[in-house]
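Here is how the chains run, residue by residue.
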Amino acid sequence: MLDPNLLRNHLAQTAERLRATRGVELDVARIEALEAERKQLQTRTQELQNLRNTRSKAIGAAKGKGEDTTALMAEVAGIGDELKAAEARLGEIQKAQADIALTLPNIPHESVPLGKDETGNVEVRRHGTPGTFAFKPLDHVELGARKGWLDGESAAKLSGARFTVLRGELARLHRALAQFMIDLHTREHGYLEVNVPLLVSAESLQGTGQLPKFEEDLFATNTGDVRRYLIPTSEVPLTNLVRDEIVDAGALPMRMTAHSMCFRAEAGSYGRDVRGMIRQHQFEKVELVSIAKPSESYAEHDRMTKCAEKVLELLGLPYRTMLLCTGDMGFAATKTYDLEVWLPAQGTYREISSCSNCESFQARRMQARWRNPETNKPELVHTLNGSGVAVGRALIAVMENYQQADGSIRVPEVLRPYMGGSEIIE
RNA sequence: GGAGAGGUGGCAGAGUGGUCGAAUGCGCCGGAUUCGAAAUCCGGUUUACGGUUUCGCCGUAACGUGGGUUCGAAUCCCACCCUCUCCGCCA
């Protein structure tokens, strides 16, 4: 959620900035009208409440002394109805304002390049050199099919499109990747391992920004009248851990990591990446979340991105780091770096991680605060999240980059301890 | 799923219709005392929102959540949520 002050006192500039960066048109006239009515109604409501309270106290005092209260009672008689009407109307106005505020995206940081879509993204660095093959490299679907390692048909039978079944050594390699990543982040990067619920409330999803606007991207359950959602990323539970909390300054930055399943309905992406396990309804991800002081959040953002990059470097996978342009960024972010890993069969770099600073956008929705020792007042924290990294896509990248002519796959050295010392799977 | 108990400030815990945003204790902050510390004493110590002549002040709201009764609700009524104990079921 944007700072309400921006919509109240800097509406014209905010509207212009949202138009330029996000292509979002604000209904300026309606927002102004709502705010004017809100101000007038709130003042009036509070006056009436004040009046009722003072009169009621007078009645109490009079009764205490055994005095007659009929005159006082008559005085207060008309207040109730007007107050009730004013409160109801004020509630409607505030609801309308909240509905608008909850659907507005965050405003990008000034260092973010303007752009419409992914073609406006800027490469900031590149690591590793794509390997050369003495043979035509196969893609992960072909490599996985040879031994029944990767089986989309069985998955379709079980669940439908966009699921996969992994078997044998490939399933093990997948598990090894997740283990390796989480160990790296906990042991080397100072993140606290957290195991989180995969089903969360609507409130949690509103806190991180998936609701109310992106409900169609989520899987939902409705058991026993209780609506819960499958998490699209463990960013949701991890970040919501600080919802409605005031954390000590000494606890920041609060770095947390989780290995979890993620579930996405992938509405609006039909026809894209239908082959293989690039885009699935269900996948695994190791997530990084950091809760930071506002003054430190951009340094923390860079650090987090480097933590994700480290995963790819240790796996020996060539990648590049992209600074997303305004038009390609997610709803809650002010600044995002994507990591794109080299996939030799496609001859392109593909997204494998996304690291974002959300500043106070999520914190405001969640009332997530810290106590600033300088002011001794609660202030909103900044929240950051990044993939460190997507496990399924890392598996694809290892398969394709480490394949050999006979279809076997070498095991990256850092994964061998997790693979019983195996140097190759075949 | 069955039976019972309970949800109040950072924590513990009073309060069953009126000056209660809330006793008391602990904790924390400031001060006094002290060479310094402990102990003791004094004072302070929730949050959100709004207004404003903006670092001050004023107002409103909040005692699990949402409704209701009432001039007035932490307190009474209804519904829901959550926690704990015992039983059942279960990985």
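Residues numbered from 1 in each chain as written. Chains lettered and ligands numbered in written order. Predicted model: local features only at pLDDT ≥ 70, side-chain atom pairs only at ≥ 80, totals over all residues. Heavy atoms only, no water.

Draft legend 1. Highlighting the pairing of strand 11 (residues 319-323). Among the 5 residues that make up strand 11, 5 are buried, leaving the element largely enclosed by the rest of the structure. Across the two faces of strand 11 the burial is the same, with Y319, T321 and L323 and R320 and M322 all buried. Relative to strand 11, strand 1 (residues 122-127) is paired through 5 bridges, and the arrangement is antiparallel. Paired with R126 across the strands is R320, a residue of strand 11. Note that strand 11 and strand 12 (residues 335-343) share 5 bridges and pair antiparallel. Residue pairing in the sheet places R320 in a bridge with E340 of strand 12. (Buried < 20%, exposed > 50% of the residue type's maximum accessible area, 1.4 Å probe, protein only. Helix = DSSP H or I, 4+ residues; strand = E, 2+ residues; numbered from the N terminus. Pairing = 2+ DSSP bridges.)

Draft legend 2. View of the environment of H109. Along the chain, H109 falls in the loop between helix 5 (79-102) and strand 1. A relative accessible area of 23% means that H109 is categorised as partly exposed. Counting along the chain gives 88 residues from H109 to T21, while the straight-line C-alpha distance between them is 9.9 Å. Among the polar contacts made by the side chain of H109, one reaches the side chain of S111 at a distance of 2.7 Å. (Polar contact = N/O pair within 3.5 Å; in protein donor to acceptor, adjacent residues only side chain to side chain.)

Draft legend 3. Spatial organisation of the nonpolar core. L170, L173, L177, M181, L317, V389 and I425 are the most contacted members of the largest nonpolar core, which has 46 residues in total. For this core, the elements supplying multiple residues, two or more each, are helix 8 (168-187), strand 10 (282-292), helix 11 (297-315), strand 12, strand 13 (348-357), strand 16 (382-390) and helix 13 (391-401). Not counting chain neighbours up to four residues away, the residues in contact with I425 comprise W149, E169, L170, L173, S408, I409, V411 and M419. The next biggest cluster of nonpolar side chains, apart from the first, holds 25 residues, and it includes L26, L83, A86 and I100. (Core = buried A, V, L, I, M, F, W, Y, C linked by side-chain atoms within 4.5 Å. Contact = heavy atoms within 4.5 Å.)

Draft legend 4. Just the layout of surface pockets, in detail. Taken as a whole, the second largest pocket spans an internal volume of roughly 350 Å³. Examining the composition of the lining of the second largest pocket, we find that 5 residues originate from one element, helix 5, more than from any other. Here the lining of the second largest pocket is composed, by residue class, of 9 nonpolar, 2 polar and 3 charged. (1 Å grid on protein atoms, 1.4 Å probe; cavity = no way out; pocket = protein on both sides within 12 Å on 5 of 7 lines; lining within 4 Å. Points joined across faces, edges and corners; volume = space filled by probe spheres on them. Nonpolar A, V, L, I, M, F, W, Y, C, P; charged D, E, K, R; others polar.)

Draft legend 5. Layout of the packing of helix 8 against helix 13. As a packed pair, helix 8 and helix 13 sit with axes 9 Å apart at the nearest point and diverge in direction by 115°. Crossing handedness for the pair helix 8 and helix 13: right-handed. Listed contacts from helix 13 to L170, L173, H174, L177, A178 and M181 of helix 8 are V391, G392, A394, L395, V398 and M399. Across the contact of helix 8 with helix 13, the residue classes break down as 10 nonpolar, 2 polar and no charged. (Axes fitted to C-alpha atoms, helices over the stretch in contact; angles between N-to-C directions. Left-handed = near helix turned anticlockwise from the far one by under 90°.)

Draft legend 6. Molecular detail of helix 8. Over its 20 residues, helix 8 runs 28 Å from end to end, which matches the ideal 28 Å to within 8%, given 1.5 Å per residue. Burial in helix 8 covers these residues: L170, L173, H174, A176, L177, A178, F180, M181, I182, D183, L184 and H185. (Expected span 1.5 Å × (residues − 1).)

Draft legend 7. Geometry of the side chain of R243. Here R243 lies in the loop between helix 10 (235-240) and strand 8 (246-247). R243 gets classed as buried once you look at its relative accessible area, which sits at 17%. A polar contact of 3.2 Å, which involves the side chain of R243, links it to the side chain of E203. Once you skip the residues sitting within four places of it in the chain, R243 turns out to touch S201, E203, S204, M366 and Q367.

Draft legend 8. Structural context of the protein's contact with RNA strand B. Inspection of the region around RNA strand B gives 21 residues, with R8, Q49, S56, R369 and R371 positioned closest. The share of sugar and phosphate among atoms of RNA strand B within 4 Å of the protein is 71%. A distance of 3.0 Å is found between a phosphate oxygen of RNA strand B and a side-chain nitrogen or oxygen belonging to N50. Among the elements that make up the surface near RNA strand B, the one with the highest residue count is helix 3 (residues 28-64) (13 residues). Class assignment of the residues belonging to the surface near RNA strand B gives a composition of 5 nonpolar, 8 polar and 8 charged. (Near = heavy atom within 4 Å.)

Draft legend 9. Structural view of the pattern of salt bridges. This model, assessed by the stated rule, comprises 24 salt bridges. Across the salt bridge formed by R19 and E25, the nearest N and O atoms sit 2.8 Å from each other. For R19, a relative accessible area of 37% translates into the label partly exposed. Among the ionic contacts, a cluster of salt bridges with common partners joins E123, R126, R320 and E340. (Salt bridge = Lys/Arg side-chain N within 4 Å of Asp/Glu carboxyl O.)

Draft legend 10. Inspection of unusual backbone geometry at higher detail. In the segment running from L211 into P212, the intervening peptide bond is cis, with an omega of 5°. Its place among the elements puts P212 in the loop between helix 9 (202-208) and strand 6 (220-223). Cis geometry is adopted by the peptide bond preceding V389, which originates at G388 and carries an omega value of 0°. On the secondary structure map, V389 appears in strand 16. The phi torsion at E266 lies on the positive side, around 55°, for a residue other than glycine. Among the secondary structure elements, E266 is positioned in the loop between strand 9 (254-263) and strand 10. Note on E266: relative accessible area 14%, which makes it buried. Positive phi outside glycine occurs at D273, with the angle close to 50°. Mapped onto the secondary structure, D273 falls in the loop between strand 9 and strand 10.

Draft legend 11. Up close: the environment of M254. With respect to the helices and strands, M254 occurs in strand 9. Using a relative accessible area of 21% as the deciding quantity, one classes M254 as partly exposed. M254 sits 64 residues away from G190 along the chain, and the two C-alpha atoms are 9.5 Å apart. When near neighbours in sequence (up to four residues on either side) are disregarded, M254 contacts V242, V247, V289, S290 and I291.

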